[in-house]
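# Residue-level structure breakdown
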Amino acid sequence: MFRQNSPFSLSQRWLKYLNEYGLCLVTDIPTGLDEIKKVGERISHIQKTIYGEAFDVKATENPVNIAYSTLSLGFHMDLVYYHSPPGLQLLHCIRNDTCVKGGESTLLDSFPVLEEMRECHPKHFATLTKVPATFQKIHYERDDPVEMTYQRTHVVVDDTGRITGMIWSPPFEGPLYVPEDEVEPYYAAYSCLAEMLNTSHLKLIHRQRPGEALTFNNQRILHARNGFDLNGGVRHLRGVYINIDEFKSKCGVLASKLGIKDQHPIRHVFNQCTF
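Sequence order as written defines the numbering, with residues in each chain counted from 1. At least 70 in pLDDT is required for a residue's local features to be given in this predicted model, at least 80 for side-chain atom pairs to be given and counted, and no such filter applies to totals for whole chains, interfaces and linings, which use all residues. The basis for every side-chain value is the complete set of heavy atoms in the structure, and neither hydrogens nor water enter the calculation.

In this section: the overall build of the protein. A run of H or I in DSSP counts as a helix once it spans at least four residues, and a run of E counts as a strand once it spans at least two, with each numbered from the N terminus. Looking only at helices and strands, the protein has 6 helices and 15 strands in total. The atom set for the radius of gyration is the C-alpha atoms, and the globule formula is 2.2 Å times the number of residues raised to the power 0.38. Expected size for 275 residues packed as a compact globule is a radius of gyration near 19 Å; at 19 Å, the protein falls within 12% of this value. Taking the principal axes of its C-alpha atoms as reference, the protein extends roughly 55 × 55 × 35 Å. Buried, partly exposed and exposed residues are distinguished by accessible area as a fraction of the type maximum, computed with a 1.4 Å probe on protein chains only: under 20%, between the cut-offs, and over 50%, respectively. Here the protein holds 275 residues, and the buried ones make up 52% of them.

Quick look at the structure:
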């Protein structure tokens, strides 16, 4: 969207990297609890969810979400049981003591993996564009009870075959409600994609330091976490979300103001739009 050698501001370069690559590491952020909201508001309003405007990722005794434990997390996207899952996720490291062992974050761009699957396993790829999975968050015991269910395919393509979206979140999958003859093909395709994701050489692994924020497109970039042992220390991340359409709008408005929209069109943001 922007030329690498142009004198754009840090905020403009941040938007550029998020749009082109789907992720960007932001550093030197003060470690106050509200600082990540200030960073997010440089793009747009914070997207409020069932976890509020901001959410804290730290181990608790009775977690309402597996993320709030010390367990490992496989590749996933957040809140896929929403009609429109959060677009950008900004995950700010408040504290990560040196005595904490593990807890590294892993990120993976889903787009090249899906293209590889289409080339190497076309039948499995086609299955995941047609057979819908169930995603759900059903939790009555939390302070604000939740019952959310959404059925959709893992992969979305437009009428030309272009990939326009992906949904992947094994911890929040519900029962499969499809005709019997689609069950075996679905699970064969599902297993194929899971294996490709988990063995991809494109994975990026990073241990966050205080003051860093992993910022990424939640509808394109999968994220995971190694399990960890606190060893008496503290690991505290604080996150916020930004709506994907508002992010795309911000990129478009900025590119238009800079007069570069025709030469550097906005990249598709994986929001399932066919435009």
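Once you've had a look at it, read on.
Points on a 1 Å grid, built from protein atoms alone, make a cavity when a 1.4 Å probe fits but cannot get out and make a pocket when they are open with protein on both sides within 12 Å along at least 5 of 7 lines; residues with an atom within 4 Å of a point are the lining residues. Grid points are joined across faces, edges and corners, and a volume is the space filled by probe spheres set on the points. Computed from the structure, the largest pocket encloses a volume of approximately 350 Å³. Taken together, 15 residues line the largest pocket, and the ones lying closest to its centre are Leu10, Ser11, Trp14, Val26 and Thr27. Elements with a contribution of two residues or more to the lining of the largest pocket: α1 (10-21), β1 (23-26) and α2 (35-40). With 5 residues, α1 is the single largest residue contributor to the lining of the largest pocket. Ten residues, namely Ala, Val, Leu, Ile, Met, Phe, Trp, Tyr, Cys and Pro, are considered nonpolar, four, namely Asp, Glu, Lys and Arg, are considered charged, and the remaining ones, Gly among them, are considered polar. Taken together, the residues of the lining of the largest pocket sort by class into 9 nonpolar, 2 polar and 4 charged. If you add up the space inside the second largest pocket, you get close to 190 Å³. Along the walls of the second largest pocket sit Arg162, Lys248, Ser249, Gly252, Lys261, Ile266, Arg267, His268 and Phe275, which together make up its complete lining.

Positioned with a positive phi, asparagine 231 is a non-glycine residue whose angle comes to about 50°. Among the structural elements, asparagine 231 can be located in the loop between β14 (228-229) and β15 (235-242).

Right, let's talk about the sheet that holds β15 for a bit. What holds strands together in a sheet is hydrogen bonding between their backbones, with the strands either parallel or antiparallel. Two strands are said to pair when DSSP picks up at least two bridges between them. Here we have 5 strands laid out as an open sheet, ordered β1-β12-β4-β15-β2, and antiparallel in their pairing. Among the strands making up the open sheet, the edge pair consists of β1 and β2 (54-57). Strand-to-strand twist in this sheet, taken as the mean axis angle between neighbours without regard to direction, amounts to 20°. Both strand β4 (residues 88-96) and β15 contribute to a ladder of 8 bridges, which runs antiparallel. To obtain each axis, a line is fitted to C-alpha atoms, and for helices this fit is confined to the stretch in contact; angles are then taken between N-to-C directions over 0 to 180 degrees.

Moving on, we come to the pairing of strand β12 (residues 213-217). Among the 5 residues in β12, 5 count as buried, and that is most of the element. Neither face of β12 is left uncovered, since the one carrying Ala213, Thr215 and Asn217 and the one carrying Leu214 and Phe216 both have all their residues buried. Where β1 meets β12, 4 bridges bridge the pair, whose relative direction is antiparallel. Paired with valine 26 across the bridge in β12 is alanine 213. Sheet analysis places β4 next to β12, joined by 5 bridges and oriented antiparallel.

We now examine empty space enclosed by the protein. Throughout the structure, instances matching the rule amount to 1 cavity of 30 Å³ or more. Looking at the largest cavity, its volume works out to about 320 Å³. Lining the largest cavity are 27 residues; nearest its centre among them are Ala67, Leu73, His76, Asp78 and His223. Of all the secondary structure elements, the ones that give two or more residues to the lining of the largest cavity are β2, β3 (73-76), β4, β6 (105-109), β12, β13 (221-225) and β15. Taken together, the residues of the lining of the largest cavity break down into 19 nonpolar, 5 polar and 3 charged.

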